[in-house]
Amino acid sequence: MTIYEYRCPDDPPFEASHRIGEAPDSLACPSCGKPSGRMISAPHLSKSGSPAFRLIDSTHRSASEPEIVNSQIPGTPRRVQSYSSNPLHRKLPRP
Ligand SMILES: [Zn+2]
């Protein structure tokens, strides 16, 4: 079920829940009974502070404004390159 908004010409907008694709274009106003047209509105992103929303937001932002990284992230252990102790590997070509 999805919540749709309807606007009565005389009363404040009201909401009604219908299945997606089955919402009528107009409903009778619960106050006065006049036909009220369905409004096109932005989806309710009620979880705007959630990690999922922040990820979506940063992904959209990084598409046009990539974050510049000047240093390693503090607190992360420095990556230690593992070398082989086999003496035969010393003869292999180096990049
Ligand atoms: Zn009304």
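To keep things clear, this report deals only with the structure shown in the data block. (Residues numbered from 1 in each chain as written. Predicted model: local features only at pLDDT ≥ 70, side-chain atom pairs only at ≥ 80, totals over all residues. Heavy atoms only, no water.)

## Considerations on the overall build of the protein
Check the secondary structure of the protein and you find one helix and four strands. Here the C-alpha atoms of the protein give a radius of gyration of 29 Å, more than 25% beyond the 12 Å that 2.2 N^0.38 yields for 95 residues. Dimensions of the protein along its principal axes, counting C-alpha atoms only, are 90 × 25 × 25 Å. Counting the 95 residues in the protein, one finds 13% classified as buried. A total of about 8,700 Å² of accessible surface is found on the protein, and carbon and sulfur atoms cover 56% of it. With 12 positive and 9 negative side-chain charges, the protein shows a separation of 25 Å between the mean positions of the two kinds. (Helix = DSSP H or I, 4+ residues; strand = E, 2+ residues; numbered from the N terminus. Rg over C-alpha atoms; globule rule 2.2 N^0.38 Å. Buried < 20%, exposed > 50% of the residue type's maximum accessible area, 1.4 Å probe, protein only. Areas by Shrake-Rupley, 256 points an atom, 1.4 Å probe, with all protein chains shown as cover. Lys, Arg positive; Asp, Glu negative; His and termini not counted. Charge placed at Lys NZ, Arg CZ, Asp CG, Glu CD.)

## Remarks on the sheet that holds strand E2 (residues 14-18)
Across the sheet, four strands lie side by side as E2-E1-E4-E3; this open sheet has antiparallel pairing. Strands with a single pairing partner mark the edges of an open sheet, and in this sheet they are E2 and strand E3 (26-28). Adjacent strand axes in the sheet meet at a mean angle of 40°, parallel and antiparallel pairs treated alike. As defined by bridge partners, strand E1 (residues 2-7) adjoins strand E4 (residues 35-38) across two bridges and the pair is classed as antiparallel. Of the residues in E4, the one forming a bridge with Arg7 is Gly37. (Pairing = 2+ DSSP bridges. Axes fitted to C-alpha atoms, helices over the stretch in contact; angles between N-to-C directions.)

## Looking at the coordination of the zinc ion
Only Cys8 (SG), Asp11 (OD), Cys29 (SG) and Cys32 (SG) from the protein reach the zinc ion as donors, at distances of 1.9 to 2.3 Å. Angles of 103 to 120° at the metal separate the four donor atoms of the zinc ion, which places the site in the tetrahedral class. Spacing between the donor residues of the zinc ion along the chain follows C-x2-D-x17-C-x2-C. Linking Cys8 in the loop between E1 and E2 with Cys32 in the loop between E3 and E4, this pair joins segments that are 24 residues apart in sequence. (Donors = N, O, S within 2.8 Å, 3.2 Å for Na, K, Ca; no water. Tetrahedral: all angles 85-135°; square planar, octahedral: opposite > 155°, others 65-115°.)

## Focus on the pairing of E1
Strand direction decides the pairing type here: E1 and E2, joined by five bridges, are antiparallel. Across the sheet, residue Ile3 finds its bridge partner in E2, namely Ser17. As consecutive antiparallel partners, E1 and E2 are separated by six residues.

## Here we look at the layout of surface pockets
There is about 160 Å³ of room inside the largest pocket. Around the largest pocket, the lining residues are Tyr83, Ser84, His89, Arg90, Leu92, Pro93, Arg94 and Pro95. Class assignment for the residues of the lining of the largest pocket results in four nonpolar, two polar and two charged. (1 Å grid on protein atoms, 1.4 Å probe; cavity = no way out; pocket = protein on both sides within 12 Å on 5 of 7 lines; lining within 4 Å. Points joined across faces, edges and corners; volume = space filled by probe spheres on them. Nonpolar A, V, L, I, M, F, W, Y, C, P; charged D, E, K, R; others polar.)

## Focus: the pattern of salt bridges
A complete count under the given rule lists three salt bridges for this structure. Between Asp25 and Arg38 there is a salt bridge, and its shortest N-O distance comes to 3.9 Å. On the criterion of sequence distance, the pair formed by Asp25 in the loop between E2 and E3 and Arg38 in strand E4 is long-range, its members being 13 residues apart. For Asp25, a relative accessible area of 60% gives the class exposed. Looking at Arg38, the relative accessible area reads 36%, which means it is partly exposed. (Salt bridge = Lys/Arg side-chain N within 4 Å of Asp/Glu carboxyl O.)

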